[in-house]
Each structure stands twice: as structure tokens, then as C-alpha cells.
Amino acid sequence: MLRLKFIFFICSTFFCFSSAASEAKQEIRIAVLYTEDPLFFINTFAPTIDFLRRRFPQYRIKTQEITEHQALDKLKTEEFSFLISSAGVYASFDPTSEGLRQIAARTSPFASTASESVASVLITSAHRSDITSLKDIQGKRIVIRDPNSLSGWLGAKGVLRDHLSKKDLDGRLINTQYRFPDVYSYLESDEADVAVIPACELESLIERGLVSKENYRVIGEKTSTLACKVSSSLYPDFVFSSFPHASPEIVKDFTVALLTMPKMPDGGSWGIANDFRSVLQLFRKLEIGPYKPQPFSLLQLVSKYKTEAILALALLLGLIFHIFRTNSLVLQRTSDLRKAIEQRDRVAEIARASLKRLNLMERQGILSQLSNMFAHELKQPLSTAANYCNGLKMYGESIQLDPILSESIEAISSETQKAAAIVDRVRSYAKSTQPVSSEGSADLSEAIHKAINAFRLYVSTQCQLTVDIPESCVVAGDPLELEILVLNLLRNASDAVEPLGADAQIKVELKQTETGCILNVNDNGPPVTRDVVERMRRALQASIKTDGLGLGLMIVHAIIERHRAEINIQQLRPQGISISVTFKGADS
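Summary of the structure given here. (Residues numbered from 1 in each chain as written. Predicted model: local features only at pLDDT ≥ 70, side-chain atom pairs only at ≥ 80, totals over all residues. Heavy atoms only, no water.)

Observations regarding the pairing of strand β15 (residues 505-512)
For the record, the criterion: Strands qualify as paired when DSSP identifies two bridges or more between them. Comment: elements are numbered from the N terminus, with helices defined as DSSP H or I runs of at least four residues and strands as E runs of at least two.
Where strand β13 (residues 464-468) meets β15, five bridges bridge the pair, whose relative direction is parallel. In the sheet register, Leu 465 faces β15, and the bridge partner there is Ile 506. Where β15 and strand β16 (residues 516-523) come together, seven bridges link them in antiparallel fashion. Its bridge partner being in β16, Leu 510 is matched across the sheet by Leu 519. In this structure, the hairpin formed by β15 and β16 is closed by a connection of three residues.

Below you can see the structure in the form of C-alpha cells.
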């Protein structure tokens, strides 16, 4: 009998749709999401569409039923103004892309608010003493009407998910699809153990006398705001929503009309649901709707995260470029450092070789000075001795001397000549004291640089060395002797300022003049007396160091004399010594 009533109302509804003859009116298209629930058409769809057509005769209201699988494509390709769907389908749409906006939601006659309007109820036959709690449902057969209905299955499934495995939930499920035998018949015949029905349906059937209260028992009852027993959380019911392209005036008119519409045949009405979080939480838990796991597809992944993929690729390329550039810079810096170290080693080796050459030249200079001294002091006594021997020989020729005495005089003469020969040989070491040839030239700036490098490398001192010289200054002279000259001046200055420690200062200046160059070596050593300065000028000073020989300035004077230069030594105020050497240019 109930089935005949359903068929009658459905046929009446469709007849009403087809009889709405259309004239030249503005068309308003309403999409209706397909459902197998006949009560939806009887209690909600037909009364609502009939009311809107009567309320707005100026519009041609056209409805089209679409399946859930077609929903997204149909809604994108065809222009609908409104959509009537379950709360689950409405909540699944992405508002940023589809742009659906709720204008009304169905409120159950047993609910106080549209956000908590429907729920699921788990029932079993009253005689089943083996099923008293949700845990007892494990392994049992469950009968439902619609696997996509919030109140008809999904709500109950969310509760059972905490107690049963996925295999128990889906493996022994019976779906009637609203056909006969109905869920109650399955329970009465023991073909099913548990049934899932919408909340308040059992109370309504009991009130109408269609079923007996003693025949069924609710499982897992929860407290709620509904005026009936429930086994699950509460959710919104059907939603009437609008699309962004719908006319604002029409949306306003429809919203006002729905909210003021008389009650539906079952006592329900249109209201406003302001909370759909319960639906989304349920879908996330069951992994359905927008939370349904998708099979992995690289193309879909790239399409979904295209912007992120481009950014990640750009970052990856940037990282690769950074690594490559960093490695290149490291290799370049390493190569430069290796070259710098090799160059430093070469400079050190050259400096060591130059120092050896300078030491050799110093020894040669000292030997030259000693040779002059010995030659000067020994030549005169040897000449006198030779003259005496010659005089004795002449005297012996005039008288008859004892042969032994004659032989002795001859031996003395021979030894004297031999000593003179030795002196001449020693004097040969002093040939370097001869003036330097005017045809030779040397770069004094280069010689100063070499001497400074040797001084910094091999002289341990804390003094601050200041250098002010031109790039080039050519004078007549020998480069090596000029280098020895500057090095000796720096050493003498370093020895003078050694007691000052970190406050010690030495300044080297080279100035070009019209006729040559002037070399100045200044220090801030302790004050000295005028006698010391005078003796320094004459190169006769004994060393002021306890372990010195006083040969440094002697070498300096020897080299200055060979280069026909002039030296000037002056006291600085309040302390220090300034040594100035004036050289003639290469063309002078």
C-alpha cells in the first residue's frame, strides 16, 4: 500500500511538471540531484517547485535531474540558476570554483534547527538478544535503502567505523534501493540482522500504526535535539543553493519565497543551515566526497599543483645553479689560493737567494775594507824592509862579507818580496772599491723594494715601516750593491728603534730631482749625542750595540763612495736619526 502511494505522488509530480505550458517567459533552470528516495519528491521537491511556479508566474521554471557522477560536468557545461541537493553534495562542492551559495536548507518537523535536521538510526528485531550494542554488529548483515544517503546509511557508517572493520561494513551490506521487500521485511524474515533508517521514521510509522513498537529496538542510542531516537550525529538535510551567475534579484525573490513557504506535507519547512562542518568531518572520516583517495597520476598531480611544481622546479634549478656556481667559485678561489701560495713560496725562495747574495756582498764589502786596511798598513813596512835588504846587499858587494851573512841577507830579501807579493794578492780583493762605471744603470726603486722584502722576511722587528717611493728611479750604479746599501740602512734603523717595541717607526722615502734621486731613511730611535752623529758621518763609530763590530756604516760608506753619491746624517727632533743619500741620475 505504501508503495502505491509513492508511485501515485511521483506520477502526480511529473504530471505537474509537464503541464506547465511555457509562453515567452524568462527561463529559470533548477538542477535536482538524483536520489532514489521517493519521500524527497513527495514531501520536498514537488511542493517546493509547485509553490515557486505559483508564486512567480512571470518565470518559466524548468527542472532537470542529474546524477551525482554527472554533477560536476553538467553544472560546468550547462547554465543552471539553482541546485537542490543533499547537504553532503552541497558541502562537497568547492566554493572557490563552483561558487555555490546556500539560500535555504530543509528543516525536519522533528528538528529545532536546519543545521541539525537528520540522523541515522540502527534498529534490530526486538527478539535479537545477541545484538545489544554497536560492537555486537560485527559480522552481522546490515540492510539499507541508499548507500549515498546521510540519514539512510552514511551517518550510521560513521558511527560503526569506530567499532567495525571496513570489511564488515561493506562486505555484508544489503541495499534495497527503496524496493520491496523493505528493510523491515528483511528484519522480520531474519534475512538481515540490523537495519539503518532515517531518524524519526520509526516513531512516525508507529504513530500511524504501520509497525508495532514492540517489534524493534534501537541500537547505540544517542542524546540529541531531535524529538526522536538517533544512533548518529545530526546533519543538515536538503539544500536549495544558487550559482554565481544567477540574477541577484531572482535569488533574493526565491530566498524570501522559500523562507516564507507554507509547511510541507510532512511538516518540514525551509530554513537556514549555518554549519556544515559535521558533514565534512563525516566525509573525511569515511574518505568519501572531496576526501576520497585518488589513484596516483603524475599528470593529475602536476595539474593540481602546477604553481607549486613550477616554483619547486625553479627552486631546484636555482639550487643546482647555486651549487654549480658555489663549486666553481670554490675551485676558482682554491686555484687562486694555490697560485698565491706558490707565488709566495717563489718570492720567499727569491728572497732567500737574494739574502744569500746580500750576505755574500756584505762579506765581500767587509773583505774589501779589510784588504784596503791590510794593504795600506803592511805595504809601507814591507817596502822599508825591502829597501833595507837592498841596501845591505849593495853594502855587501863593496866589502867582503861572511858568506853566511850574505846568504842571510839574500833570504831576508826573498822573504820580503814574498810578503809583498802576498800583500799585492790581498789588494786584488779591493778592486771592487773602484768607482762604478758610468755606463751601468740601476732602478733604485726596484732595489729598495727588494731590500724591504728581504728586511720584512728575515729581520724580526715590531716596528712600523712606511714606504713612499715612485714606481721607477734610474741611477748610475750596481743593483745588488744598492740593495745592500738600503738593507744595511734598514738594519741600522731597526737596531736603533728596537727598544721602543710596538711604538717603533721607520720611514723610507725616495724623491726624484732634476739631477738624480734622494733616498731618506728616517727612524724615531732614542736620542744620540752630536759626537755619535759626527762619528757616524765619518764612518768611524764603533757599534753602539754590545755585540756589534761597527761594520754596517763602513759598508754603506764604501758603496756610496763607489757610486760617487753623497750621504748626510742628521738628528731629528725630539728623537731619531735621518740618513739621506743623494744619487746622480743615469744620464748625469
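Resuming the write-up.
Observations concerning unusual backbone geometry
Just so we agree on the cut-off: A 1.4 Å probe rolled over the protein chains alone gives each residue an accessible area, and that area as a share of the maximum for its type sets the label: buried under 20%, exposed over 50%, partly exposed in between.
The linkage connecting Phe 180 with the following residue, Pro 181, adopts the cis geometry, with an omega of 0°. Relative to the elements of secondary structure, Pro 181 occurs in the loop between β7 (173-175) and α7 (183-188). The step from Arg 573 to Pro 574 runs through a cis peptide bond, and the omega angle for that step is 5°. Take Pro 574: it is sitting in the loop between β17 (566-571) and β18 (577-584). Within the chain, Gln 177 stands out as a residue other than glycine whose phi angle is a positive 55°. Of note, Gln 177 is situated in the loop between β7 and α7. One non-glycine residue, Glu 287, lies in the positive phi region at around 60°. Within the secondary structure, Glu 287 sits in the loop between α10 (277-286) and α11 (298-304). Using a relative accessible area of 40% as the deciding quantity, one classes Glu 287 as partly exposed.

Things to note about the nonpolar core
Convention followed: Residues belong to a common nonpolar core when they are buried Ala, Val, Leu, Ile, Met, Phe, Trp, Tyr or Cys residues joined through side-chain atoms within 4.5 Å. Contact definition: two residues touch when any of their heavy atoms are within 4.5 Å.
Ile 448, Leu 490, Ile 506, Leu 519 and Phe 583 are the most contacted members of the largest nonpolar core, which has 45 residues in total. Elements with a contribution of two residues or more to this core: α14 (444-458), α15 (479-497), β15, β16, α16 (530-537), α17 (552-562) and β18. When residues in this core are grouped by element, the largest group, 10 residues, is from α15. Setting aside its immediate chain neighbours within four residues, Leu 490 contacts Ala 451, Ile 452, Phe 455, Leu 465, Ile 506, Val 508 and Val 521. Counting 41 residues, the second largest nonpolar core, distinct from the first, contains Ile 66, Leu 75, Leu 154 and Phe 276.

Observations concerning the sheet that holds β17
Put simply, the rule reads: Only C-alpha atoms enter the line fits that serve as axes; for helices the fit covers just the stretch in contact. Angles between N-to-C directions range over 0 to 180 degrees.
Taken in spatial order, the five strands make up an open sheet running β13-β15-β16-β18-β17, and their pairing is mixed. Since the sheet does not close on itself, it has two edges, and those belong to β13 and β17, each with one partner. Here the strands of the sheet are splayed against their neighbours by 10° on average, with no regard to which way each runs. In the packing of α15 onto the sheet, contacts are made with β13, β15, β16 and β18, and the angle to β16 comes to roughly 20°.

What about the packing of aromatic side chains?
Note the following rule: Paired rings are identified among Phe, Tyr and Trp, the last through its six-membered ring, by centres lying within 6.5 Å, and are further divided according to the angle between planes into stacked (under 30 degrees), edge-to-face (over 60) and tilted (the rest).
Counted according to the given criterion, the structure contains 11 aromatic pairs. The interplanar angle of 5° and the centroid separation of 5.1 Å between the aromatic rings of Phe 56 and Phe 254 together place this pair among those described as stacked. One end of the pair, Phe 56, is in the loop between α2 (38-55) and β2 (59-66); the other, Phe 254, is in helix α9 (residues 248-259), with 198 residues separating them in the sequence. What makes Phe 56 buried here is its relative accessible area of 6%. Joined through ring pairs, the aromatic side chains of Phe 56, Tyr 59, Phe 82, Phe 240, Phe 254 and Trp 270 make up one cluster.

That is the geometry; function is a separate question.
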